[in-house]
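# Close look at the chain arrangement
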Amino acid sequence: MAQLISKVIFKYILFLIFCFASSIVLVVSVHFLFNTLSFRLEEKSANLRAKIDISRHVQNDISELHIVLLELSAATTSKATREAKLNAIRAKIMQSQKDIVILNQGGIFRKTLSQNGIDSSIIITYLRPFKSEEKRLDIDLASIETLAETIARLLVQREQFIAENNPHILSAVSELRAFNANLSQTFERIEAALQENINYDYALLEEIKAQNTTQNRWYTLWEVSIILLSVLIIVFVIYRILQQILDLYKELETQLYVDALTKLKSRTALLRDIKGAKHPSVIVIDITMFRTINELYGVEVGNEVLQGFASSLKVFAKNRDFRIYRISGDEFVFFKDDAHIQIEHYTQLMETFFHTMSHKSIYVPSLEDTIYLEMSAGISFDKLNPLGTAD
């Protein structure tokens, strides 16, 4: 029985370990999944921030380009100054075009800054995602270069008209003002397009933050749900282990204290009850020559006889406040804790018992016949050894 209990407990412990291991695997898997998703969102967010930084630098370069163009309009006396300004404008336009390509296609942005005579480099890497939701920046700076060259030409023409005192000077000045106005509108459109692109990227960045927040909530919910489910399963398994142990011990107790064949109480139960009694009264009943029945008819018939005899004992003891036990193959016991023992009463009881049983036959189903039994009995009121002193 102990081995059976150990096997059942071992089975449930293995199941408990399996549940615990499964819970750990699930928690780790969910953590890995959401951590991977969170890492991807963080990468996407960092990439967007890099793009926004590049856009800000491009925006500053465009503003500086606008300033240089305004300075070109003011450069009216020196051809060398105009050429220097034009070269600076061409270089800035070329660099800005490259930076816009990086914004549209991805790449590495590099810029050198000078502050207090110290040069420092800025390097920003932007990787345009596959099937990106980000807007494409549609800006062409070639028209600005054309406007700059036209302005330079008009400046030369204006200076010639001034030197020659040409009456067409006013029309040249008007044309120059018109080009400057057109130039300002062009830069406003470019800066507006850049700002729109930056605002769009900021909106995407906020969406990513919202996705990350939602994802973290789901992760917490999943993790808590798995842990709670695991705890419930583990508690249920522990409950089942305890329940199985109790059931097995009840079964063990039944096997110890109940005779399997007759369903009467066993010898172990009798010894327990005698130990707890203050005034034990024991009547031991023995079926005479029961071994002969087994030898003549077989063990199965003997078992049927014992079951029938036990039923007869139950009927006799029903209203007499006796408990009935089977203590060996053909030995039965009437027992009670009697504080008022009267030997005459027990003597009369035995006479009644033998008279009743002598006229009562035991029906044996396998034989389809009845058998009459002979029996002997002994009585004991000894506290220490009632079974040994019953006669």
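Residues numbered from 1 in each chain as written. Predicted model: local features only at pLDDT ≥ 70, side-chain atom pairs only at ≥ 80, totals over all residues. Heavy atoms only, no water.

## Some remarks on the packing of helix H7 (residues 299-317) against helix H8 (residues 343-358)
- It is the contact of H7 with H8, at a shortest axis distance of 12 Å, that shows an interaxial angle of 135 degrees. With respect to each other, H7 and H8 are oriented oblique. Our pair here, H7 against H8, has a crossing hand that is right-handed. Seen from H7, the contacting residues are Phe 309, Ser 312, Leu 313 and Phe 316; seen from H8, they are Leu 349, Thr 352, Phe 353, Thr 356 and Met 357.
- Residues belonging to the contact of H7 with H8 are distributed by class as follows: 6 nonpolar, 3 polar and no charged. (Axes fitted to C-alpha atoms, helices over the stretch in contact; angles between N-to-C directions. Helix = DSSP H or I, 4+ residues; strand = E, 2+ residues; numbered from the N terminus. Parallel < 35°, antiparallel > 145°, perpendicular 65-115°, else oblique. Left-handed = near helix turned anticlockwise from the far one by under 90°. Contact = heavy atoms within 4.5 Å. Nonpolar A, V, L, I, M, F, W, Y, C, P; charged D, E, K, R; others polar.)

## As for the packing of aromatic side chains
- Here the structure, examined in full by the defined rule, presents 10 aromatic pairs.
- Relative to Phe 332, the ring of Phe 309 lies with its centre 5.1 Å away and its plane at 65 degrees, an arrangement referred to as edge-to-face. One end of the pair, Phe 309, is in helix H7; the other, Phe 332, is in strand S5 (residues 331-337), with 23 residues separating them in the sequence. Assigned by exposure class, Phe 309 and Phe 332 land together as buried.
- Residues Phe 322 and Phe 334 carry aromatic rings whose centres are separated by 5.7 Å and whose planes lie at 45 degrees to one another, so their mutual orientation is tilted. Residue Phe 322 is found in the loop between H7 and strand S4 (323-326), and its partner Phe 334 is found in strand S5; the two are separated by 12 residues along the sequence.
- The exposure class of Phe 322 is buried, given its relative accessible area of 11%.
- Phe 334 gets classed as buried once you look at its relative accessible area, which sits at 1%.
- Put simply, the rings of Phe 316, Phe 322, Phe 334, Tyr 346, Phe 353, Phe 354 and Phe 381 touch in pairs and so form one group of aromatic residues.
- Note that Arg 320 overlies the ring of Phe 316, its terminal NZ or CZ placed 4.0 Å from the centroid. (Phe/Tyr/Trp six-rings, centres within 6.5 Å; stacked < 30°, edge-to-face > 60°. Buried < 20%, exposed > 50% of the residue type's maximum accessible area, 1.4 Å probe, protein only. Lys NZ or Arg CZ within 6 Å of the ring centre and 35° of its normal.)

## Here we look at helix H5 (residues 267-276)
- The complete set of buried residues in H5 reads Ala 269, Leu 270, Asp 273 and Ile 274. The buried residues of H5 occupy an angular sector of 135 degrees when projected down its axis, which confines them to one face. Of the exposed residues in H5, the ones pointing more than 90 degrees away from its buried face are Lys 275 and Gly 276. (Arc of directions from axis to C-beta.)

## Re the pattern of salt bridges
- The full count for this structure, using the stated rule, is 8 salt bridges.
- The salt bridge involving Glu 206 is made with Lys 209; its shortest N-O contact spans 3.7 Å. With Glu 206 and Lys 209 both in helix H4 (residues 169-257), this residue pair falls 3 residues apart, about one helical turn.
- The salt bridge involving Arg 326 is made with Asp 259; its shortest N-O contact spans 3.2 Å. Here the residue Arg 326 occupies a position in strand S4, and Asp 259 occupies one in the loop between H4 and H5, the gap between them amounting to 67 residues. Neither residue differs from the other here; Arg 326 and Asp 259 are each classed as buried.
- A network of salt bridges, in which partner residues are shared, links Arg 272, Asp 273 and Arg 323. (Salt bridge = Lys/Arg side-chain N within 4 Å of Asp/Glu carboxyl O.)

## Here we look at a nonpolar patch on the surface
- On the surface, a cluster of nonpolar side chains totalling about 380 Å² of accessible area is made up of Phe 10, Ile 13, Leu 14 and Ile 17.
- Mapped onto the fold, Leu 14 is located in helix H1 (residues 2-74).
- A relative accessible area of 43% places Leu 14 in the partly exposed class. (Patch = residues over 30% accessible without salt bridge, like charges linked within 9 Å, V, L, I, M, F, W, Y side chains within 5 Å. Areas by Shrake-Rupley, 256 points an atom, 1.4 Å probe, with all protein chains shown as cover.)

## Considerations on the confidence of the model for the protein chain
- In the predicted model, the protein chain carries a mean pLDDT of 82, and 91% of its residues have values of at least 70.
- Mean pLDDT in the protein chain bottoms out at helix H3 (residues 142-164), which sits at 73, and peaks at S4, which reaches 94. (pLDDT = per-residue confidence, 0-100.)

## Things to note about the pairing of strand S3 (residues 280-287)
- Counting buried residues in S3 gives 7 out of 8 residues, a clear majority hidden from the surface.
- In the sheet, S3 pairs with S5 via 7 bridges, with the strands oriented antiparallel. Bridged to Asp 286 within S5 is Glu 331.
- Relative to strand S8 (residues 375-380), S3 runs antiparallel, the two sharing 6 bridges. In the strand pairing of S8, Val 282 is matched with Ser 380. (Pairing = 2+ DSSP bridges.)

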